[in-house]
Structure formats: C-alpha cells, structure tokens
Amino acid sequence: MSDPAQRMRELREMQEKIWRERQQAQLRNEAAQYLEGRIARDPMAGPNHHSLAPILQELGDHDEALRRLQFAAKANPENLNVRNDLALAIFKRGREHWARALKEFTYILRVDADNFLAHKNIAAVYAARGRYEKALEHALEAVKLRP
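Scope of this entry: the structure provided in the associated data block. This one's a predicted model, so the numbers in the text were calculated from it and none came from an experiment.

Quick look at the overall build of the protein
- In terms of regular secondary structure, the protein is built from seven helices and zero strands.
- The secondary structure elements of the protein, listed N-terminal to C-terminal, are α-α-α-α-α-α-α.
- Against the globule reference of 15 Å for 147 residues, the protein gives a C-alpha radius of gyration of 20 Å, more extended than a compact globule.
- By principal-axis analysis of the C-alpha atoms, the protein measures approximately 60 × 45 × 30 Å.
- Summarising the internal contacts of the protein: among those between residues at least 6 apart in sequence, 41% fall at separations of at least 24.
- When the accessible area of the protein is evaluated, it comes to approximately 9800 Å², of which 53% is carbon and sulfur surface.
- Looking at the protein, you have 25 positive and 21 negative side-chain charges, and the mean spots of the two groups are 2 Å apart.

Concerning a nonpolar patch on the surface
- Taken together, the side chains of M8, L11 and M14 define a hydrophobic patch exposed on the protein surface, amounting to about 270 Å² of accessible area.
- When you line up the elements, M14 lands in helix 1 (residues 4–41).

A look at the packing of helix 2 (residues 46–58) against helix 3 (residues 62–75)
- Where helix 2 contacts helix 3, the two axes come as close as 8 Å, and the packing angle between them is 160°. Here helix 3 runs roughly antiparallel to helix 2, going by the angle between their axes. Along this stretch, helix 2 crosses helix 3, giving a crossing that reads as left-handed. Contacts between helix 2 and helix 3 involve G46, H49, H50, L52, A53, L56 and Q57 from the first element and H62, E64, A65, R68, L69, F71, A72 and A75 from the second.
- In terms of residue class, the contact of helix 2 with helix 3 is made up of eight nonpolar, five polar and two charged.

Some thoughts on the nonpolar core
- Membership of the largest hydrophobic core comes to 30 residues, with the highest contact counts inside it found for L52, L86, F105, I122 and V125.
- The set of elements that each furnish at least two residues to this core consists of helix 1, helix 2, helix 3, helix 4 (80–92), helix 5 (98–111) and helix 6 (116–128).
- Leave out the neighbours within four places in its chain, and I122 touches L102, F105, T106, L109 and H138.

A closer look at the packing of aromatic side chains
- Inspection of the entire model under this criterion finds one aromatic pair.
- Relative to W98, the ring of F91 has its centre 5.7 Å away and its plane inclined at 35°; by these criteria the two rings are tilted. Accessibility assignment for this pair places F91 and W98 in one class, buried.
- R83 extends its terminal NZ or CZ atom over the ring of Y107, reaching a point 4.1 Å from the ring centre.

As for helix 1
- The end-to-end C-alpha distance of helix 1 is 56 Å, a good match for the 56 Å that 38 residues give at a rise of 1.5 Å each.
- Among the residues making up helix 1, those that are buried are A32, L35 and I39.
- Tucked inside the fold, the buried residues of helix 1 contact helix 2 and helix 3.

Conventions used here
Residues numbered from 1 in each chain as written. Predicted model: local features only at pLDDT ≥ 70, side-chain atom pairs only at ≥ 80, totals over all residues. Heavy atoms only, no water. Helix = DSSP H or I, 4+ residues; strand = E, 2+ residues; numbered from the N terminus. Rg over C-alpha atoms; globule rule 2.2 N^0.38 Å. Contact = heavy atoms within 4.5 Å. Areas by Shrake-Rupley, 256 points an atom, 1.4 Å probe, with all protein chains shown as cover. Lys, Arg positive; Asp, Glu negative; His and termini not counted. Charge placed at Lys NZ, Arg CZ, Asp CG, Glu CD. Patch = residues over 30% accessible without salt bridge, like charges linked within 9 Å, V, L, I, M, F, W, Y side chains within 5 Å. Salt bridge = Lys/Arg side-chain N within 4 Å of Asp/Glu carboxyl O. Axes fitted to C-alpha atoms, helices over the stretch in contact; angles between N-to-C directions. Parallel < 35°, antiparallel > 145°, perpendicular 65-115°, else oblique. Left-handed = near helix turned anticlockwise from the far one by under 90°. Nonpolar A, V, L, I, M, F, W, Y, C, P; charged D, E, K, R; others polar. Core = buried A, V, L, I, M, F, W, Y, C linked by side-chain atoms within 4.5 Å. Buried < 20%, exposed > 50% of the residue type's maximum accessible area, 1.4 Å probe, protein only. Phe/Tyr/Trp six-rings, centres within 6.5 Å; stacked < 30°, edge-to-face > 60°. Lys NZ or Arg CZ within 6 Å of the ring centre and 35° of its normal. Expected span 1.5 Å × (residues − 1).

Structural data, given as structure tokens:
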C-alpha cells in the first residue's frame, strides 16, 4: 500500500503541472492573438509571421505554421534564421519532404558557408536518409564552427 502523504504530494504535483500547462497554453493563445492583430494591421510584415509560426506549431497547427514560414521567407529572403526555421518545418513533415528541406539548408550554406545551424541540420537530414558519411561531414563542420 502506498503512503497517503506521498500520494497527496503526487496529486498536488500533477495538479500544479496541469495548471502550468494550462497557463502556458493560455499564454500561447494570447501571443498568437496579439501577433494576428499585428499581422492584420501590417500583413506584409514577415517578422510577425515568423514569430507566429512556432506558436502555431506548439498549438498543433503545423500546416498554418509552415504557410507563415513560407510567407516570412518570401518577405525576408535574406534572413537565414527564417530560412532555417522553414527548412526545419519542412523536414519535420516527413520523409517525402526531406529533399526539399535539404535544398533549403543548402541554400543557407551558399549564402553563409559557416552557418552552424545549416551544417547541423543538413547532418540530421543526411542521417535520416541513411547517408552517414555525408551526415558526419556536416556534423564535423558544425562542431568545428561551434565546439
């Protein structure tokens, strides 16, 4: 039999965890509403779309998040952080999208050959595809850039 005091502590911890998760969800919803309002006032502001995308991903709306990242990348083609986030979102969509993600990451390296994140993420794509030598090549380059 379990200790009643221990069981009460566990229940309190679960309640607190549920409360924190609800608070975080509420904050995400409020942030999304705020950014949607900013986008309504300035629909062409790519940074707002970029900021909204991870919130939408956390809320489970991956298609809309990808759409926002695509818009942000078109609005700010020189912003490599946006391109990286777009490529990651594409990569996470599954095997049939890996080639497209690799193309995006490769574009980042063409612009900035020392981009740590691009090397790290290209390594992940190659590893997922079973191309371990190429994955290792990019992983080593990432480690060289950020030991």
